[in-house]
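A closer look at the structure
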Amino acid sequence: MPKITAIIPSYNHARFIGEAINSVLNQTYQDFELIIIDDCSQDNSVEIIKQYSDERITFIVNERNMGAAYTTNLMIKMAKGEYVALLNSDDIWMLNKLEQQVKFIEENPQYVAVFSGAEIINESGEVFSDTTHFYYNVFAQENKSRHEWLRYFFYQGNCLCHPSMLIKKSIYDEVGFYNPLMASLPDFEMWIRICSRYDIYILPNKLIQFRILNNNQNASGGGVRNIIANTFETSVLLESFCNINTVEVFNQIFPLHTVNNISDIACTFAKICLEDAR
């Protein structure tokens, strides 16, 4: 069995998918399988992927467009590795990404997932220079306890680079898979569920090149479509906080709004939301 299952959900990234696949195949750590599922791309992504004959690759094409979360869940269920590492089809792993992360997580088993910093690039692969852009520094985070992460998620938002993640596959069996109804924020909702139970860690090294597409085309970008989706998906995120079922955990996240009983969590959290200007 491979130690790691690398997964690439592919959709309309013919310009970039080759670089993404090569960045996996050329890793300094080679004990992995690679699962790629194309979600009915309208460009020539499928033709490009079929050019790869590496025996470690399993390639499937969805019969119809199912969405990123559904496709990602399918690959996780297929995974044979002890760890799962996701790569977007327009991003690039640094060549020692898996090596560094496997070493860390096996030496520090108290963490269930390890992330990294990210080098932000544009469509041409050039390092991003717009210091005012949302993504410029969002992934440059200090490590925190899981309660501090949850507090940050509520008051500040998402700050973890999904395609930098290496996670123990068994965690999905415990916290569930990505919500297929979410298009923009399924990873963020997953972080809330994971940190409700477990600790995570961010390596400071930039182990991935995260690509910013023009005209807000990133799945979590700021276009009108995403803004509308985020309005619905924010309510799902808030429900995830309501599902925290341990008084101790809730009180450490919100120390100014402590509760005495599990039954008080939902009402108290509603008050916290009402007090927030957002």
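An account of the accompanying structure is given in this report. (Residues numbered from 1 in each chain as written. Predicted model: local features only at pLDDT ≥ 70, side-chain atom pairs only at ≥ 80, totals over all residues. Heavy atoms only, no water.)

The next thing to look at is the overall build of the protein chain. Looking only at helices and strands, one finds 10 helices and eight strands in the protein chain. Radius of gyration (C-alpha) of the protein chain: 19 Å, near the 19 Å computed for a compact globule of 278 residues. The principal-axis extents of the C-alpha atoms in the protein chain amount to approximately 60 × 45 × 40 Å. A buried classification covers 53% of the 278 residues belonging to the protein chain. Accessible surface for the protein chain amounts to roughly 13,400 Å². Of this, 49% is attributable to carbon and sulfur atoms. The average position of the 21 basic charges and that of the 33 acidic charges among the side chains of the protein chain differ by 3 Å. (Helix = DSSP H or I, 4+ residues; strand = E, 2+ residues; numbered from the N terminus. Rg over C-alpha atoms; globule rule 2.2 N^0.38 Å. Buried < 20%, exposed > 50% of the residue type's maximum accessible area, 1.4 Å probe, protein only. Areas by Shrake-Rupley, 256 points an atom, 1.4 Å probe, with all protein chains shown as cover. Lys, Arg positive; Asp, Glu negative; His and termini not counted. Charge placed at Lys NZ, Arg CZ, Asp CG, Glu CD.)

Below, the discussion takes up unusual backbone geometry. A positive phi angle, close to 55 degrees, is found at N12, a residue other than glycine. Within the secondary structure, N12 sits in the loop between β1 (4–10) and α1 (17–25). Positive phi values are uncommon outside glycine, yet C40 reaches one of about 60 degrees.

In spatial order, the strands read β3-β2-β1-β4-β7-β6-β8-β5; together these eight strands make up an open sheet with mixed pairing. Looking at strand neighbours, the two that pair on one side only are β3 (57–61) and β5 (92–93), the edges of this open sheet. Of the pairings in the sheet, the one linking β1 to strand β4 (residues 83–86) comprises four bridges and is parallel in character. Bridge pairing in β4 links A6 to A85. Against the sheet, helix α3 (residues 68–78) makes contact with β1, β2 (32–38), β3 and β4, and its axis sits at roughly 150 degrees relative to β2, the strand it touches most. (Pairing = 2+ DSSP bridges. Contact = heavy atoms within 4.5 Å. Axes fitted to C-alpha atoms, helices over the stretch in contact; angles between N-to-C directions.)

Going through the model one piece at a time under the given rule, you end up with 21 aromatic pairs. Between Y111 and Y201, the aromatic rings sit 5.1 Å apart at their centres with planes inclined by 55 degrees, giving tilted as the arrangement. Pair noted here: Y111 is in strand β6 (residues 111–121) and Y201 is in strand β8 (residues 199–211), with a separation of 90 residues, a long-range link. For Y201, a relative accessible area of 23% translates into the label partly exposed. The interplanar angle of 25 degrees and the centroid separation of 6.0 Å between the aromatic rings of W149 and F153 together place this pair among those described as stacked. Placement of the pair is W149 and F153 together in helix α5 (residues 146–155), with a separation of four residues, close to one helical turn. Neither residue differs from the other here; W149 and F153 are each classed as buried. Ring pairing ties together the aromatic residues F154, Y155, F241, F250, F254 and F269, which thus form one cluster. Directly above the ring of F177 sits K77, whose terminal nitrogen or CZ lies 5.1 Å from the centroid. Sitting over the face of the ring of Y152, K144 holds its NZ or CZ atom 4.9 Å from the ring centroid. (Phe/Tyr/Trp six-rings, centres within 6.5 Å; stacked < 30°, edge-to-face > 60°. Lys NZ or Arg CZ within 6 Å of the ring centre and 35° of its normal.)

Our next topic: the nonpolar core. F153 and W191 are the most contacted members of the largest nonpolar core, which has 86 residues in total. In terms of residue count, the dominant contributor to this core is β6 (seven residues). Filtering out sequence-adjacent residues up to four positions away, F153 remains in contact with C159, L160, F188, W191, I192, C195 and F241. (Core = buried A, V, L, I, M, F, W, Y, C linked by side-chain atoms within 4.5 Å.)

This paragraph deals with the pattern of salt bridges. Within this structure, the stated rule accounts for eight salt bridges. The residue E106 makes a salt bridge to K3 at a minimum N-O spacing of 3.1 Å. Of this pair, E106 sits in helix α4 (residues 97–107) while K3 sits in the segment before β1, and the two are 103 residues apart along the sequence. Residue classification places K3 among the partly exposed positions, given a relative accessible area of 22%. Its salt-bridge partner being R211, residue E19 comes within 3.2 Å of it at the nearest N-O pair. With E19 in helix α1 and R211 in strand β8, this pair connects stretches of sequence that are 192 residues apart. With a relative accessible area of 41%, E19 lands in the partly exposed category. Bridged by salt links that share partners, the residues K3, E82 and E106 form one connected network. (Salt bridge = Lys/Arg side-chain N within 4 Å of Asp/Glu carboxyl O.)

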